[in-house]
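# Structure at a glance
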Amino acid sequence: MTSRRGTLLVPVPGLSGTVYPPGTPVAVTGRGSSVDAFVEGDWLPLSWWEFAEGVQEAAPEA
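On a predicted model such as this, the values are computed, not experimentally measured, just so you know. (Residues numbered from 1 in each chain as written. Predicted model: local features only at pLDDT ≥ 70, side-chain atom pairs only at ≥ 80, totals over all residues. Heavy atoms only, no water.)

The strand order across the open sheet built from 5 strands is β6-β5-β4-β1-β7, with neighbouring strands paired in antiparallel fashion. Each having just a single partner strand, β6 (42–47) and β7 (51–53) make up the two edges of the open sheet. For this sheet, the mean angle separating the axes of adjacent strands, direction not counted, is 40 degrees. Across 3 bridges, strand β4 (residues 25–29) lies against strand β5 (residues 34–39) in antiparallel orientation. When the bridges of β5 are listed, Ala-27 appears paired with Phe-38. (Pairing = 2+ DSSP bridges. Helix = DSSP H or I, 4+ residues; strand = E, 2+ residues; numbered from the N terminus. Axes fitted to C-alpha atoms, helices over the stretch in contact; angles between N-to-C directions.)

This is the structure in structure tokens:
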């Protein structure tokens, strides 16, 4: 299955116990109301409302 890029919208704990903050880029696999996501090999089971498709870039500082 092909992975897509996504960005966390809320804090999410990984299987390792690490809590990833909003804005963390993730690799997402699967479709539907729940998907698998990975951050450097750490698994995060996500619901549809916990992430957005694509990676959000930080706005440049003035």
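Let's pick the thread back up.
The next subject is the pattern of salt bridges. When their charged atoms lie close together, side chains carrying opposite charge are able to pair. One pass over the full model with this rule turns up 1 salt bridge. Two residues, Arg-4 and Glu-53, come together in a salt bridge whose shortest N-O distance is 3.1 Å. Placement of Arg-4 in strand β1 (residues 4–8) and of Glu-53 in strand β7 is noted, with a sequence separation of 49 residues between them. When its relative accessible area of 17% is taken as the criterion, Arg-4 is described as buried. (Salt bridge = Lys/Arg side-chain N within 4 Å of Asp/Glu carboxyl O. Buried < 20%, exposed > 50% of the residue type's maximum accessible area, 1.4 Å probe, protein only.)

So, about the confidence of the model for the chain. For the chain, the average pLDDT comes to 88, and 85% of its residues sit at 70 or higher. Element-level mean pLDDT values for the chain span from 92 in β7 up to 98 in strand β3 (residues 19–20). (pLDDT = per-residue confidence, 0-100.)

Inspection of the secondary structure puts Gly-32 in the loop between β4 and β5. Linking Gly-32 and Ser-47, residues 15 residues apart in sequence, is a C-alpha distance of 8.6 Å.

Positive phi values are uncommon outside glycine, yet Glu-40 reaches one of about 50 degrees. Among the structural elements, Glu-40 can be located in the loop between β5 and β6. For Glu-40, a relative accessible area of 84% corresponds to the exposed category.

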